[in-house]
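A closer look at the structure
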Amino acid sequence: MSLDIEMRGQTTIYSIAGSLDAACVAQARDLAMDVIATSDGGPQVFDGSGVSFMDSSGLGFLVSMFKQSRSYKRPFALAGLHGQPLETLQYLKIDKVVPNYPDLETALAAVTAQA
């Protein structure tokens with residue numbers, strides 16, 4: 001698995017397909033943190049529509065992205081999480097702290113409005 005990064009206007013979109021687990025996070029964490037730190041201040045969105053499984057490493061990765069984005073005063077949102085990853089987020093009440101939207105387009109509209 002690898003972290004895909006796409007620019008849409010001023011917004012940076014991150015996506016991973018498959019499992020968001022320790023092996024994936026090990027490869028993606030430094031890249032994501034560098035991109036957040038060096039982006040031009042635009043919003044950041046993690047598109048989780050392709051994520052089928054998430055372990056505690058994946059959860060930590062998403063929280064780290066949120067915290068890093070906030071430290072640089074960039075809007076951040078999660079989009080498209082479903083199944084086990086969404087259930088985990090809801091069970092731990094992280095969805096009450098980290099903005100989470102049902103799909104990418106809704107998340108993009110929300111973070112663009114915040115920017």
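The paragraphs below set out a description of the structure included in this document. (Residues numbered from 1 in each chain as written. Predicted model: local features only at pLDDT ≥ 70, side-chain atom pairs only at ≥ 80, totals over all residues. Heavy atoms only, no water.)

1. Things to note about the overall build of the protein chain
Spelled out, the test is: Numbering of helices and strands starts at the N terminus; helices are DSSP runs of H or I of at least 4 residues and strands are runs of E of at least 2. The quantity called the radius of gyration is restricted to C-alpha atoms. Its globule counterpart is 2.2 Å times the number of residues to the power 0.38. Working definition: with a 1.4 Å probe on protein chains only, accessible area under 20% of the residue-type maximum means buried, over 50% means exposed, and in between means partly exposed. In what follows, residue pairs with any heavy atoms lying within 4.5 Å of each other are defined as contacts. Computed with a 1.4 Å probe, the accessible areas rest on the Shrake-Rupley method; for each residue, only the protein chains presented here act as cover. When charges are counted, Lys and Arg are positive and Asp and Glu negative, with His and the chain ends excluded. Taken as the charge location is NZ of Lys, CZ of Arg, CG of Asp or CD of Glu.
The helix and strand tally for the protein chain stands at four helices and seven strands. Counted from the first residue to the last, the protein chain has its helices and strands arranged as β-β-β-α-β-β-α-β-α-β-α. Whereas a compact globule of 115 residues would reach a radius of gyration of roughly 13 Å, the protein chain reaches 13 Å, a difference of no more than 12%. The principal-axis extents of the C-alpha atoms in the protein chain amount to approximately 30 × 25 × 20 Å. In the protein chain, which comprises 115 residues, the share counted as buried stands at 43%. Of the contacts made within the protein chain by residues no fewer than 6 positions apart, 71% connect residues no fewer than 24 positions apart. With the model as given, the accessible surface of the protein chain reaches about 5700 Å², and the carbon-plus-sulfur share is 54%. One way to put it: in the protein chain the 8 positive side-chain charges average out to a point 12 Å from where the 12 negative ones average out.

2. Quick word on the side chain of Arg74
Our working definition: Identification of polar contacts relies on pairs of N or O atoms within 3.5 Å, with a donor-acceptor requirement for protein atoms, meaning one able to donate a hydrogen and the other able to accept it, and with residues adjacent in sequence counted only if both atoms are side-chain atoms.
Tracing the backbone through its elements, the reader meets Arg74 in the loop between α2 (56–71) and β6 (76–79). Judged by relative accessible area, Arg74 falls into the buried class, the value being 9%. Polar side-chain contacts of Arg74 include one of 3.1 Å to the backbone oxygen of Ile36. At 2.6 Å, the side chain of Arg74 and the backbone oxygen of Ser39 are in polar contact.

3. Observations regarding the pairing of β6
To keep it simple, the criterion reads: Two strands qualify as a pair provided that DSSP identifies no fewer than 2 bridges between them. A crossover gets the label right-handed when its path from the first strand over the helix to the second runs clockwise, viewed with the strands pointing away from the viewer.
In β6, alternate side chains face the same way, and those of Phe76 and Leu78 on one face and Ala77 and Ala79 on the other are all buried. Two elements, β6 and strand β7 (residues 100–101), share two bridges in a ladder whose sense is parallel. Considered in β7, the bridge of Leu78 is made with Asn100. The β-α-β motif built from β6, the intervening helix α3 (residues 83–91) and the parallel element β7 has right-handed crossover chirality.

4. A look at the packing of helix α1 (residues 22–38) against α2
This is how it is decided: To obtain an axis, a line is fitted to C-alpha atoms, over the contacting stretch when the element is a helix, and the angle between two such axes runs from 0 to 180 degrees between their N-to-C directions. For classification, angles of less than 35 degrees are called roughly parallel, those exceeding 145 degrees roughly antiparallel, those between 65 and 115 degrees roughly perpendicular, and all remaining angles oblique. Charged residues are taken to be Asp, Glu, Lys and Arg, nonpolar residues to be Ala, Val, Leu, Ile, Met, Phe, Trp, Tyr, Cys and Pro, and polar residues to be all remaining types, Gly included.
One can describe the packing of α1 onto α2 by two numbers: an axis separation of 10 Å at closest approach and a directional angle of 5°. Considering the angle they form, α1 stands roughly parallel to α2. For the pair α1 and α2, the contacting residues are Ala22, Val25, Ala28, Arg29, Ala32, Met33, Ile36 and Ala37 in the first and Ser57, Gly58, Gly60, Phe61, Ser64, Met65, Gln68 and Ser69 in the second. Residues belonging to the contact of α1 with α2 are distributed by class as follows: nine nonpolar, six polar and one charged.

5. Here we look at the packing of aromatic side chains
This is how the line gets drawn: Centres within 6.5 Å are what make two rings of Phe, Tyr or Trp a pair, Trp counting through its six-membered ring; a difference in plane orientation under 30 degrees is then read as stacked, over 60 as edge-to-face, and the rest as tilted.
If you walk through the whole model with that rule in mind, you get two aromatic pairs. Ring geometry for Phe46 versus Phe61: centroids 6.3 Å apart, planes at 85°, classification edge-to-face. In this pair, Phe46 sits in strand β4 (residues 44–47) while Phe61 sits in helix α2, placing the two residues 15 residues apart along the sequence. Classification of Phe46 as buried rests on a relative accessible area of 0%.

6. Examining the pattern of salt bridges
A side chain of one charge can pair with a side chain of the opposite charge when the charged atoms of the two come close. Definition in use: For this analysis, a salt bridge means a side-chain nitrogen from Lys or Arg found within 4 Å of a carboxyl oxygen belonging to Asp or Glu.
The tally for this structure, following the rule as stated, stands at two salt bridges. Across the salt bridge formed by Arg8 and Glu6, the nearest N and O atoms sit 3.5 Å from each other. Among the salt bridges present, the one from Arg8 reaches Glu105, with a minimum N-O distance of 3.0 Å. Taken together, the residues Arg8 in strand β1 (residues 4–8) and Glu105 in helix α4 (residues 104–114) connect sequence positions 97 residues apart. Owing to a relative accessible area of 34%, Arg8 belongs among the partly exposed residues under this scheme. Classification of Glu105 as exposed rests on a relative accessible area of 52%. What you see here is one network of salt bridges that share partners, running through Glu6, Arg8 and Glu105.

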